[in-house]
Amino acid sequence: MELVVATVDDAVPGIRSLALAHPDGDRLPSFTPGSHLVLDVPAGEGRPRRAANAYSLTGESSDPRHYTISVLRCAPAAEGGSACGGSAWVHGLTVGDRVTATPPRSAFAPIHLATRHLLVGAGIGITPLLSHLRSHVRWGRDAELVYLFRDGHGAHVDELKELGGDRVTFLADRAGLAEDLAVRLADQPLGTHLYTCGPAGFMDAVVDLATELGWPSSRVHLEPFGVAALDPGDPFTVGVAGQVLEVPSGTSLLEALEDAGHVVPNLCRQGVCGECRVDVAPGSSPVLHRDLFLDEETRGAGDCLMACVSRAVPAADGRAHLEVTL
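Residues numbered from 1 in each chain as written. Predicted model: local features only at pLDDT ≥ 70, side-chain atom pairs only at ≥ 80, totals over all residues. Heavy atoms only, no water.

1. Regarding the overall build of the chain
Now for step 1: Looking only at helices and strands, the chain has seven helices and 18 strands in total.
Now for step 2: Dimensions along the principal axes, computed over C-alpha positions, put the chain at roughly 60 × 50 × 35 Å.
Now for step 3: Relative to its full complement of 326 residues, the chain shows a buried share of 50%.
Now for step 4: Here the chain carries 25 positive and 41 negative side-chain charges, and the mean point of each set is 4 Å from the other. (Helix = DSSP H or I, 4+ residues; strand = E, 2+ residues; numbered from the N terminus. Buried < 20%, exposed > 50% of the residue type's maximum accessible area, 1.4 Å probe, protein only. Lys, Arg positive; Asp, Glu negative; His and termini not counted. Charge placed at Lys NZ, Arg CZ, Asp CG, Glu CD.)

2. So, the sheet that holds strand S11 (residues 220-222)
Now for step 1: Taken in spatial order, the five strands of this open sheet run S9-S8-S7-S10-S11, and their pairing is parallel. For this open sheet the edge positions go to strand S9 (168-171) and S11, each flanked by a neighbour on one side alone. With strand direction ignored, the average angle separating the axes of adjacent strands in the sheet is 15 degrees.
Now for step 2: Looking at chain direction, strand S10 (residues 192-197) and S11 are connected through three bridges and run parallel. Its bridge partner lying in S11, Tyr195 is registered against His221.
Now for step 3: Across the sheet, helix H3 (residues 157-164) is in contact with strand S8 (143-148) and S9; its angle to S9 comes to roughly 150 degrees.
Now for step 4: Relative to S10, helix H5 (residues 200-212) is tilted by about 160 degrees, and along the sheet it contacts strand S7 (116-122), S8, S10 and S11. (Pairing = 2+ DSSP bridges. Axes fitted to C-alpha atoms, helices over the stretch in contact; angles between N-to-C directions. Contact = heavy atoms within 4.5 Å.)

3. A few points about the packing of aromatic side chains
Now for step 1: Tallied over the full model, the rule gives five aromatic pairs.
Now for step 2: Between Phe31 and Tyr67, the ring centres sit 5.9 Å apart and the planes meet at 70 degrees, which makes this aromatic pair edge-to-face. Highlighted residues: Phe31 in the loop between strand S2 (15-21) and strand S3 (36-41) and Tyr67 in strand S5 (residues 66-72), separated in sequence by 36 residues. As far as burial versus exposure is concerned, Phe31 and Tyr67 are alike and both buried.
Now for step 3: Judged by centre distance (6.1 Å) and plane angle (85 degrees), the rings of Phe108 and Tyr195 are edge-to-face. (Phe/Tyr/Trp six-rings, centres within 6.5 Å; stacked < 30°, edge-to-face > 60°.)

4. Here's the deal with the layout of surface pockets
Now for step 1: By volume, the second largest pocket amounts to about 200 Å³.
Now for step 2: The set of elements that each furnish at least two residues to the lining of the second largest pocket consists of strand S1 (2-9), S2 and S5.
Now for step 3: Of the residues contributing to the lining of the second largest pocket, the split by class is seven nonpolar, six polar and one charged. (1 Å grid on protein atoms, 1.4 Å probe; cavity = no way out; pocket = protein on both sides within 12 Å on 5 of 7 lines; lining within 4 Å. Points joined across faces, edges and corners; volume = space filled by probe spheres on them. Nonpolar A, V, L, I, M, F, W, Y, C, P; charged D, E, K, R; others polar.)

5. Looking at the pattern of salt bridges
Now for step 1: Taken as a whole and judged by the stated rule, the model has 14 salt bridges.
Now for step 2: Two residues, Glu144 and Arg116, come together in a salt bridge whose shortest N-O distance is 2.6 Å. With Glu144 in strand S8 and Arg116 in strand S7, this pair connects stretches of sequence that are 28 residues apart. The pair Glu144 / Arg116 is uniform in exposure class, with both members buried.
Now for step 3: Via salt bridges that share partners, Arg116, Asp142, Glu144, Asp180 and Arg184 belong to a single interconnected network. (Salt bridge = Lys/Arg side-chain N within 4 Å of Asp/Glu carboxyl O.)

6. Some points on unusual backbone geometry
Now for step 1: The residue Asp63 is not glycine, and still its phi comes out positive at about 50 degrees.
Now for step 2: Tracing the backbone shows Asp63 in the loop between strand S4 (51-56) and S5.
Now for step 3: Classification of Asp63 as partly exposed rests on a relative accessible area of 39%.
Now for step 4: Positive phi is not limited to glycine here, since His156 has a value of about 65 degrees.

7. Focus: the sheet that holds strand S14 (residues 277-280)
Now for step 1: Taken together, the five strands give an open sheet; going across it, the order is S13-S12-S18-S14-S16, and neighbouring strands pair in mixed fashion. Either end of the sheet is taken by a strand with one partner, and the two such strands are strand S13 (243-247) and strand S16 (304-306). Taking each pair of neighbouring strands and ignoring which way they run, the sheet shows an average axis angle of 40 degrees.

8. Side note on the domain arrangement of the chain
Now for step 1: For the chain, the assigned domains read domain 1 (2-101), domain 2 (116-224) and domain 3 (236-325).
Now for step 2: A C-alpha centroid distance of 29 Å is found between domain 1 and domain 3.
Now for step 3: In this assembly, eight residues from domain 1 lie in contact with seven residues from domain 3.
Now for step 4: Interface area, domain 1 with domain 3, both sides summed: about 610 Å², of which 43% is carbon and sulfur.
Now for step 5: Remark: the boundary between domain 1 and domain 3 carries zero salt bridges.
Now for step 6: Taken together, domain 1 and domain 3 are joined by zero residue pairs in polar contact (both at pLDDT 80 or more).
Now for step 7: Of all elements in the fold, only S4 and helix H1 (82-90) reach the threshold of two or more residues within the side of domain 1 that touches domain 3. (Domains from an automatic or database assignment. Buried area = accessible area lost by both parts, 1.4 Å probe. Polar contact = N/O pair within 3.5 Å; in protein donor to acceptor, adjacent residues only side chain to side chain.)

9. Quick notes on the nonpolar core
Now for step 1: Of all hydrophobic cores here, the largest spans 25 residues; its most connected members are Phe236, Val238, Leu253, Leu305, Leu322 and Val324.
Now for step 2: Where this core is concerned, the elements lending two or more residues are strand S12 (236-240), S13, helix H6 (253-259), S14, S16 and strand S18 (321-325).
Now for step 3: Residues contacting Val238, with those up to four places away along its chain left out, are Gln243, Val244, Leu245, Val247, Leu253, His321, Leu322 and Val324.
Now for step 4: Leu37, Val41, Tyr67 and Ala101 belong to the second largest nonpolar core, which has 20 residues in total. (Core = buried A, V, L, I, M, F, W, Y, C linked by side-chain atoms within 4.5 Å.)

This is the structure we're talking about:
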């Protein structure tokens, strides 16, 4: 779909909030709370390839007039990656600019059978949790939110206060969060589900604490931003459709396949969305899975991978080869 930038808000340092509208002013399709919008990021300065970056929707999910997103500006040193290149591009958009997007989609929806919803976010990770809270308030569900952010750098703070009232707790330091969560996680009614979003280290800490306190994994839900900056990896070869292609260090399998003219469905290019899954044939080298999509059982089977981030594991002689089917 094509959308137009209706408003731009830079009130919070380093965070740009956009309202995107239908070019003709029509209402937009409704979406599930926790959904994201995938924007087509064109190639440009610092972006050698076009990319498709996902940004959480923060606004009203039912029959909306606008799709609203908030995007953190990456540090200049990190802007070579696709996610950060997209960040720089979003921060360069102005009112009236046209953007191309795929319709909203979600892998982080609220569990409606839950008796209670505990939302825990940090930094820009508040964005999908805001739409969760908005839905819970609308439908009268039992929910509370804990938000960790640096003073002066919190996104949607006033909106959260107005929307959630005493359901929302704001914290300014990680030590305070650990103390607060230790109490909260140990004293939730049966059937509570935990949802968390933020930097990887933050989410790891939340999940580790929940696990220590006996929370089953089925009641803990994460919305990752994408893989952290990955090392370039070892070179390997790939066999596909009768060809053998070189995949150099620093080049993803997805990029190598695209450069050879193969069409591979993809969206995030960060190991999150699951779109670029390809089958791996028996006899291939072991797969180095670096995605955030596949579960451990699927990884253990060794018969598929995410082409945007996964690689082949070299043998003792340094050779590594995958046979894949598109």
